[in-house]
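Okay, here's what each chain looks like letter by letter:
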Amino acid sequence: VHFDDTPFEDVFDIETELGSGQFAVVRRVRDKKTGERYAAKFIKKRRYATSRRGVTRQNIEREVRVLQKIRGHSNVVELHAVYETASDVIIVLELVSGGELFDHVCAKECLDEVEAAAFIKQILLAVRHLHSLHIVHLDIKPENVMLKQRGESHIKIIDFGLSREIEPGATVKDMVGTPEFVAPEVVNYEPLSPATDMWAVGVVTYILLSGGSPFLGDNRDETFSNITRVRYHFSDRYFKNTSKHAKDFISRLFVRDVDQRATVEECLQHPWIRGPEGNAVDIRKASCITISH
Ligand SMILES: Cc1ccnnc1
């Protein structure tokens, strides 16, 4: 990607805000020459080393490096350009405009197995791409997965703000991620690995099929306790009509021991993904549809 030193405002018109986080705002922008639209992520730079606001240059450069390395996969957002102003670094990304997978699930309360398996398969393909490059995402959750176009089922992972390269054998310990989705090793400050992403895929799968969050407690500590004790269950209310393949797929990921937890390759070979569900053949297992009526 070229680091353009033309002023950002000379190249793009800023249109609407698409989303905002703690230190970043994402705005839809339009290239003045080509008319092409993009998502521009404005990341506030940390002014002073002692400041708690803004993002360090090291973390910004890490996100850009990851985005550069992972380019070219259809389920990963594409990096277009990087600009810098006095106060911000602006990462210009492919515009993904179909809305968050999270909202899609909420609109239906939960999905049937065919639709859920088709989404999870795409997330697994994106995760396999990352892991093959020794990159872990560390923040897989429905909010970071978006539909490319409304009404279509092509999804893209859009945020790599917490992603990092983990060379095989290297040890990375960090308390990162969103409590509901973090694996036991994150709670216990033990080494992170690609297996940490696989646990989160299990949480996303459970949510898509039930609308509920498997380990969520009344507060952060209760959630963390449920995670480290792997305390979850398939409530009959939402899982009564769920296939044993789907439950087995999830159970293979909610495994405390990272060496025993299913890898992304094993998940892609799992019957629930390889079977009719995973190939979006139109067998509508009405597990949750009955609930949403
Ligand atoms: C929010 C967002 C991020 C990246 N691309 N499109 C939209």
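Per chain, residue numbering runs from 1 following the sequence as it is written. Given that this is a predicted model, residues contribute local features only at a pLDDT of at least 70 and side-chain atom pairs are listed and counted only at 80 or more, while totals for whole chains, interfaces and linings are drawn from all residues. Only heavy atoms go into the side-chain values, all of them from the structure, while hydrogens and water stay out.

Chemist: How should I be thinking about the packing of helix α4 (residues 113-132) against helix α6 (residues 194-210) in this particular structure?
Modeler: Between two packed helices, the angle of one axis relative to the other and the distance separating the axes together describe the packing. Contact geometry for α4 and α6: axes closest at 10 Å, N-to-C directions at 165 degrees. As judged from the angle between their axes, α4 and α6 are roughly antiparallel. For the element pair α4 and α6, the recorded crossing hand is right-handed. Contacts between α4 and α6 involve Glu 113, Ala 116, Phe 119, Ile 120, Ile 123, Leu 124, Val 127 and His 131 from the former and Pro 194, Asp 197, Met 198, Val 201, Val 204, Thr 205, Leu 208 and Leu 209 from the latter. Residues that form the contact of α4 with α6 fall into these classes: twelve nonpolar, two polar and two charged. Think of each axis as a best-fit line through the C-alpha atoms, taken over the contacting stretch in the case of a helix, with angles from 0 to 180 degrees between the N-to-C directions. By definition, any uninterrupted DSSP run of H or I lasting at least four residues is a helix, any uninterrupted run of E lasting at least two residues is a strand, and each is numbered from the N terminus. Each angle receives one of four descriptions, namely roughly parallel if under 35 degrees, roughly antiparallel if over 145, roughly perpendicular if within 65 to 115, and oblique otherwise. Left-handed is the label given to a crossing in which the near helix is rotated counterclockwise from the far helix by less than a right angle, and right-handed is the label when the rotation is clockwise. Working rule for contacts: check all heavy atoms of both residues, and any pair within 4.5 Å makes them a contact. Residues are sorted three ways: Asp, Glu, Lys and Arg are charged, Ala, Val, Leu, Ile, Met, Phe, Trp, Tyr, Cys and Pro are nonpolar, and all the rest, Gly among them, are polar.

Chemist: I tried to follow the sheet that holds strand β3 (residues 37-44) on my own but got confused; where do I start?
Modeler: As a general point, the strands of a sheet are linked pairwise by backbone hydrogen bonds and lie either parallel or antiparallel. Should DSSP find at least two bridges between two strands, the strands are taken to pair. Sheet architecture is open: five strands sit in the order β1-β2-β3-β5-β4, paired in antiparallel fashion. The sheet is open, and its two edges are formed by β1 (12-20) and β4 (79-84), each paired on a single side. Between one strand axis and the next, the sheet turns through 25 degrees on average, direction left out of account.

Chemist: Explain the site of the ligand to me, please; I cannot follow it from the model alone.
Modeler: Surveying the vicinity of the ligand reveals the residues Val 26, Ala 39, Leu 93, Glu 94, Leu 95, Val 96 and Met 146. Between N or O atoms, a polar contact is any pair within 3.5 Å; within protein, one atom must be a potential hydrogen donor and the other a potential acceptor, and residues adjacent in sequence are included only when both atoms are from side chains. Backbone polar atom of Val 96 to a nitrogen atom of the ligand: 3.0 Å apart, as the coordinates give it. Only the protein chains shown count as cover for residues, with accessible areas throughout obtained via the Shrake-Rupley method and a probe of 1.4 Å. Protein contacts shield 91% of the accessible area of the ligand, which totals 230 Å² for the unbound molecule. Per-class residue counts for the shell around the ligand are six nonpolar, no polar and one charged. Any residue with a heavy atom positioned within 4 Å of a molecule or strand is treated as near that molecule or strand.

Chemist: How do you make sense of the packing of aromatic side chains when you look at a structure like this?
Modeler: For any pair of aromatic rings, geometry is given as the distance between the ring centres together with the angle between the planes. For this analysis, a ring pair means two rings from Phe, Tyr or Trp (six-membered ring only for Trp) whose centres lie within 6.5 Å, classed as stacked if their planes differ by under 30 degrees, edge-to-face if by over 60, and tilted for the remaining angles. The tally for this structure, following the rule as stated, stands at 15 aromatic pairs. Seen in terms of ring centroids, Phe 12 and Tyr 83 are 5.8 Å apart; in terms of plane orientation they differ by 85 degrees. Their pairing is edge-to-face. Within this pair, whereas Phe 12 is found in strand β1, its partner Tyr 83 is found in strand β4, the two being separated by 71 residues in sequence. Just as Phe 12 is buried, Tyr 83 falls in that class too. Through successive ring pairs, a cluster of aromatic residues spans Trp 199, Tyr 206, Phe 215, Tyr 232, Phe 234, Phe 239 and Phe 254. Cation over ring: Arg 27 sits above Phe 42, and NZ or CZ is 4.7 Å from the ring centre. Partly exposed describes any residue whose relative accessible area lies between the buried limit of under 20% and the exposed limit of over 50%, with all areas from a 1.4 Å probe on protein chains only and scaled to the type maximum. Charge over a ring is defined by NZ of Lys or CZ of Arg lying within 6 Å of the ring centre and within 35 degrees of the ring normal.

Chemist: Got a minute to help me understand the pairing of β4 in this structure?
Modeler: Looking along a regular strand, one sees the side chains alternate between the two faces of the sheet. In terms of strand pairing, β4 meets strand β5 (residues 88-94) through five bridges, oriented antiparallel. When the bridges of β5 are listed, Leu 79 appears paired with Leu 93. If you look at the hairpin formed by β4 and β5, you'll find three residues sitting between the two strands.

Chemist: Whenever I open this one, the pattern of salt bridges confuses me. Can you help?
Modeler: Pairs can form between side chains of opposite charge once their charged atoms are near each other. Throughout this description, the term salt bridge denotes a Lys or Arg side-chain nitrogen within 4 Å of a carboxyl oxygen of Asp or Glu. Taken as a whole and assessed by the stated rule, the structure comprises 19 salt bridges. Residues Glu 266 and Arg 252 are paired through a salt bridge, measuring 3.7 Å at the closest nitrogen-oxygen approach. Remark: Arg 252 occurs in the loop between α9 (244-251) and α10 (264-269) and Glu 266 occurs in helix α10; sequence separation between them is 14 residues. It is possible to trace a salt-bridge network through shared partners that takes in Lys 45, Arg 57, Glu 61 and Glu 84.

Chemist: For this particular structure, what's the right way to read unusual backbone geometry?
Modeler: A positive phi angle, near 70 degrees, is found at Leu 138, a position not held by glycine. Summarising the element assignment, Leu 138 is placed in the loop between β6 (135-136) and β7 (145-147). Taking the relative accessible area as the measure of exposure, Leu 138 reaches 7% and is therefore buried. With a phi close to 55 degrees, Tyr 189 is a non-glycine residue in the positive phi region. When you line up the elements, Tyr 189 lands in the loop between α5 (184-187) and α6. Judged by its relative accessible area of 48%, Tyr 189 is partly exposed.

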